Amino acid sequence: MKLRKATAVVLGMSLAASMAAGCAGSSTAPEETKNQDTAQVQKTEVQKVGNSDEKIKLVFAQDLDTNEHANEVVNAIIDEYEEKAGVEIQFEALPSADYRTWLTTQFAAGKGPDVYTGIIYDLSTDYDSGYLYNFKDLYEKESAYDAGKDWKDTLPESILERMYLTENDVPGYPSSTSVVRIFYNKTAFEQAGAKVPETWAEFMDACQKLKDSGITPFGFPNATIADLSWLWFNNSISGQLNSSLVDELDVSGNGYVELQEIAKGVDEGKIDFTKPELIKGFELMKDFSQYWTSDYNGLDQKTAIQMFERGEVAMVQAMSINLADIEAVVGDSFEYGVMPIPVITKETADTALGKSIILGGQPDIIYAVNKDLENDEARLNAAIDFCQYMSSPEVQVRLAEEICRIPLTTSAQLPDNLAGFTIVEEPLRMPYYTGINEKLRNYFQRAGQDFLSDGIDVNELGETMNSAYTEVLGEIMAENGWSADNNYGMETK
């Protein structure tokens with residue numbers, strides 16, 4: 001297993017902040033083993049933790065935004081745990097916009113929550129700041145709610161790699177993820193005589209057949225950075241066309257390009273968006289745009305999904321967590337399926353990797369424990385038990401069934417309706433446009449709008465991104481005191 005350094009990791013794309021690379025959300029065990037795993041999930045029982053005379057109280061924080069159903073489901077699970085474990089959980093469900101600000105303020109004041117969830121980038125920062133309990137020893141033991149193997153062995157190898165900051169530092173345990181897919185209208189495809197594509201060339205052919213038959217192929221929202229399709233598609237396409245850059249920038253050798261490595265690459269002039277392979281990606285997107293609704297630069301994500309649900313567009317890009325709402329609205333109106341971004345082959349581009357790049361799949365719900373609890377053994381044990389319960393196979397399967405969260409534990413089997421979200425793609429090893437900060441995402445989104453509407457040409461788009469990277473990474477380096485002299489904050493071998 002390759003290990004990351006204990007420094008801030010670039011994470012490309014979660015809906016709340018950014019999401020990046022990841023792999024395998026379902027078990028690859030034979031059917032017999034899966035049945036045994038399911039039986040084990042059904043046998044899970046909560047152990048009594050709190051003393052009835054003096055009930056332990058824990059503060060738990062999670063970003064569930066304004067999704068009422070998700071909040072209801074999580075609250076119900078917590079209520080059941082409280083009753084069985086004898087522990088009182090004060091649940092702080094905060095909106096995405098306020099979550100990190102609230103957390104950092106609480107920790108800075110010495111009042112951080114006892115348990116909270118976050119993405120690996122934020123947890124790495126919090127761990128390095130001394131706020132979090134080290135899960136390393138817990139990984140070497142069985143979970144109370146998933147007996148039979150060490151806790152670390154219930155994670156896919158690619159996820160396990162990302163959780164180890166160093167050989168001895170683990171900031172939490174990941175439970176679930178969201179996966180981005182293209183939802184497509186099977187009925188519309190059949191009517192147009194279009195094949196469900198696997199390659200980019202087949203994708204463009206299907207779009208043309210849909211357009212020729214009078215069906216708008218794609219609802220592509222591009223009003224703001226919150227409408228993620230421009231960022232999502234370009235991350236996958238650039239990753240498919242420019243994979244050699246990862247080898248050039250990956251100083252640590254862990255297979256991923258992290259923030260310090262990006263800073264080094266910019267400082268040394270190795271990251272250049274006017275290179276032919278990246279220009280080619282922008283050109284592919286411009287060609288693709290002829291199949292979108294004409295108002296794409298003013299279209300938002302919610303409206304695009306609604307257009308798909310009404311059958312007004314044949315495809316839309318959305319996350320696994322959108323599945324339940326789409327299922328409920330579409331009903332029997334038409335048959336639909338999901339697919340990853342198609343594979344760019346040598347037929348389309350000489351530098352093609354020949355594999356699709358995953359969007360999402362990085363754990364975006366990781367359970368972490370406040371380090372201050374080390375001073376109170378009873379509350380620490382209760383917090384660990386709560387983390388293990390909330391990330392147990394039983395709870396992960398329930399969250400998959402009820403709010404379409406993709407389980408990460410290999411002890412859980414995906415429900416049938418989520419089978420299309422099984423991750424088969426390569427991880428996103430460098431989040432070109434989403435994994436640095438909001439300022440860079442805004443630069444790319446606005447430049448993309450100009451490019452798509454012919455305000456700038458493809459070379460000007462590349463030059464704009466070079467300038468944006470230079471400015472944003474320069475600010476990040478100054479803020480962190482990184483330079484060539486200190487190897488950009490990276491450990492030296």
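Remember, it's a predicted structure, so these values are computed and weren't measured experimentally.

Concerning unusual backbone geometry
- Its identity as a non-glycine residue notwithstanding, N487 has a phi of 55°, on the positive side.
- Here N487 shows up in the segment after α18 (458-480).
- Unusually for a residue other than glycine, Y488 sits at a positive phi of about 60°.
- With respect to the helices, strands and loops of the structure, Y488 is situated in the segment after α18.
- Judged by its relative accessible area of 3%, Y488 is buried.

Quick notes on the pattern of salt bridges
- Tallied over the full model, the rule gives 18 salt bridges.
- K209 is paired through a salt bridge with D205; the nearest N and O atoms lie 2.8 Å apart. Here K209 and its partner D205 are both found in helix α8 (residues 200-212), 4 residues apart, which amounts to about one turn of the helix.
- What makes D205 partly exposed here is its relative accessible area of 39%.
- Residue K439 pairs with E475 through a salt bridge whose shortest N-O separation is 2.8 Å.

A look at helix α15 (residues 377-390)
- An ideal rise of 1.5 Å per residue puts 20 Å on 14 residues; α15 measures up with 20 Å between its terminal C-alpha atoms.
- Most of α15 sits inside the fold, with 10 of its 14 residues counted as buried.
- All of the buried residues along α15 are L380, A382, A383, I384, D385, F386, C387, Q388, Y389 and M390.

Observations regarding the packing of aromatic side chains
- Inspection of every chain in the model, using the stated rule, returns 39 aromatic pairs.
- With a centroid separation of 6.0 Å and 65° between ring planes, the pair formed by Y139 and W151 is classed as edge-to-face. Note that Y139 is positioned in helix α5 (residues 136-139) and W151 in the loop between β5 (146-150) and α6 (157-163), a separation of 12 residues in sequence. Across the pair, W151 and Y139 agree in class, each one buried.
- Judged by centre distance (5.0 Å) and plane angle (90°), the ring pair of W292 and Y296 falls under edge-to-face. Residue W292 shares its accessibility class with Y296, and that shared class is buried.

Digging into the confidence of the model for the protein
- Taken residue by residue, the protein gives an average pLDDT of 87. The fraction at 70 or more is 89%.
- In the predicted structure, residues 1-43 sits below a pLDDT of 50 and forms 146 contacts with residues beyond four places in sequence or in another chain.

Rules used in this analysis
- Residues numbered from 1 in each chain as written.
- Predicted model: local features only at pLDDT ≥ 70, side-chain atom pairs only at ≥ 80, totals over all residues.
- Heavy atoms only, no water.
- Helix = DSSP H or I, 4+ residues; strand = E, 2+ residues; numbered from the N terminus.
- Buried < 20%, exposed > 50% of the residue type's maximum accessible area, 1.4 Å probe, protein only.
- Salt bridge = Lys/Arg side-chain N within 4 Å of Asp/Glu carboxyl O.
- Expected span 1.5 Å × (residues − 1).
- Phe/Tyr/Trp six-rings, centres within 6.5 Å; stacked < 30°, edge-to-face > 60°.
- pLDDT = per-residue confidence, 0-100.
- Contact = heavy atoms within 4.5 Å.

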